[in-house]
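# Structure assessment
Listed below, chain by chain, are the residues.
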Amino acid sequence: MITHPIEPIYDYNSNILILGSFPSVKSREEGFFYGHKQNRFWKIVSKVFEEEEPRTIEEKKALLIRNKIALWDVIQSCDIVGSSDASITNVVPNDLSVILNTADIKAIYVNGKTALKYYKKYTEPVIKRPAICLPSTSPANAAWNMEKLLTAWKCISNH
C-alpha cells in the first residue's frame, strides 16, 4: 500500500480542479505532480495559458495558482506496481472537501481514463459532481500528439 505523498495545490481563487489518478514513481521521487520528463502536462497547461513552461516546483505551483487551477489526484492510497495504472488495487480515494470547501470550483477535470474510472467509482457518488475527462498527458497515450492534446485541453481556460 502506497500513500499519496504530495499535498494538493489550490487557494481561495482556484476555480477549476484537475485530478490525475495517482503519482508515478518519478513524481513520488520528485515530490511533485507530473515529474516524469515525458509527461506533457506542464507543456500543455503552460501553452493553454500562453506562458513559459515552468521548470521548478515553485514555478509549477505559481503557474497553477496564477491561472486559478487546483491540482490533485483521485487516489489517496493504493497498491500499485511501479507506475502502472492497470495494476492499481485497494483504492482509498482522496477527500476533495479540503479543496471544495475552500475554493469556488466551477469545473472538475480528470487527466485521462484511469482518473475518470476511479473518480466515477469513488468520488462522484460522494460529491455529486461530474468530471470532464481530458485525454491523458502521459507518454503512454501516444495516440494523442501535442497538437491534439492542446486542442482538447484548451477548454480549461474557459473558467
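Each remark here, short or long, concerns the structure printed above.
Scope of this entry: the structure provided in the associated data block. (Residues numbered from 1 in each chain as written. Predicted model: local features only at pLDDT ≥ 70, side-chain atom pairs only at ≥ 80, totals over all residues. Heavy atoms only, no water.)

## Digging into the overall build of the protein
- In terms of regular secondary structure, the protein is built from 6 helices and 7 strands.
- Over its C-alpha atoms the protein spans a radius of gyration of 14 Å, differing by no more than 12% from the 15 Å that the globule rule assigns to 159 residues.
- Taking the principal axes of its C-alpha atoms as reference, the protein extends roughly 40 × 35 × 30 Å.
- Out of the 159 residues in the protein, the part that is buried amounts to 46%.
- In the protein, the share of contacts with a sequence separation of at least 24, taken over all contacts with a separation of at least 6, comes to 64%.
- Surface accessibility of the protein: about 8100 Å² in total, with carbon and sulfur atoms responsible for 51%.
- In the protein, 20 positive and 17 negative side-chain charges are present, and the distance between their average locations comes to 6 Å. (Helix = DSSP H or I, 4+ residues; strand = E, 2+ residues; numbered from the N terminus. Rg over C-alpha atoms; globule rule 2.2 N^0.38 Å. Buried < 20%, exposed > 50% of the residue type's maximum accessible area, 1.4 Å probe, protein only. Contact = heavy atoms within 4.5 Å. Areas by Shrake-Rupley, 256 points an atom, 1.4 Å probe, with all protein chains shown as cover. Lys, Arg positive; Asp, Glu negative; His and termini not counted. Charge placed at Lys NZ, Arg CZ, Asp CG, Glu CD.)

## Some points on the pattern of salt bridges
- Summed over the entire model, instances satisfying the criterion amount to 8 salt bridges.
- The shortest N-O distance in the salt bridge between E30 and K60 comes to 3.8 Å. Residue E30 is located in helix α1 (residues 25-30), and its partner K60 is located in helix α3 (residues 57-66); the two are separated by 30 residues in the primary sequence.
- Its relative accessible area of 28% is what places E30 among the partly exposed residues.
- Residue classification places K60 among the buried positions, given a relative accessible area of 6%.
- Across the salt bridge formed by R55 and E53, the nearest N and O atoms sit 3.5 Å from each other. (Salt bridge = Lys/Arg side-chain N within 4 Å of Asp/Glu carboxyl O.)

## Points about the packing of aromatic side chains
- Applying the stated rule across the entire model yields 6 aromatic pairs.
- When the centroid spacing of 5.4 Å and the interplanar angle of 75° are considered together, the rings of F32 and F33 count as edge-to-face.
- Here the aromatic rings of F32 and W42 are separated by 6.0 Å at their centres, their planes lie at 20°, and the arrangement is stacked. In this pair, F32 sits in the loop between α1 and α2 (41-48) while W42 sits in helix α2, placing the two residues 10 residues apart along the sequence. With respect to class, F32 is no different from W42; both count as buried.
- Taken together, F32, F33, Y34, F41, W42 and W153 form an aromatic cluster joined through their ring pairs.
- The ring centre of W144 lies 4.8 Å from the NZ or CZ of K148, which sits over that ring. (Phe/Tyr/Trp six-rings, centres within 6.5 Å; stacked < 30°, edge-to-face > 60°. Lys NZ or Arg CZ within 6 Å of the ring centre and 35° of its normal.)

## Thoughts on the side chain of N15
- Examined against the element boundaries, N15 turns out to sit in the loop between β1 (2-3) and β2 (16-20).
- The contact partners of N15, leaving out residues within four places of it in the chain, are K68, D104, I105, K106, A107 and H159.

## Description of the layout of surface pockets
- Of the voids in this model, the largest pocket is the one considered here, and its volume is about 670 Å³.
- Taken together, 32 residues make up the lining of the largest pocket; nearest its centre are S21, N39, D85, S136 and S138.
- The calculated volume of the second largest pocket comes to roughly 170 Å³.
- Lining the second largest pocket, in full, are Y34, G35, H36, K37, N39, W42, K43, E53, P54, R55 and K60.
- A breakdown of the residues in the lining of the second largest pocket according to their chemical character gives 3 nonpolar, 3 polar and 5 charged. (1 Å grid on protein atoms, 1.4 Å probe; cavity = no way out; pocket = protein on both sides within 12 Å on 5 of 7 lines; lining within 4 Å. Points joined across faces, edges and corners; volume = space filled by probe spheres on them. Nonpolar A, V, L, I, M, F, W, Y, C, P; charged D, E, K, R; others polar.)

## Some words on the environment of Y34
- The residue Y34 is located in the loop between α1 and α2 in this model.
- Assessed through its relative accessible area of 12%, Y34 is described here as buried.
- Taking C-alpha positions, Y34 is 13 Å from G112, a pair spaced 78 residues apart along the chain.
- Ignoring sequence-local partners within four residues, the contact set of Y34 consists of G20, S27, N39, F41, W42, K60, L71, N111 and T137.
- Of note is the side chain of Y34, whose polar atom sits 3.1 Å from the side chain of N111. (Polar contact = N/O pair within 3.5 Å; in protein donor to acceptor, adjacent residues only side chain to side chain.)

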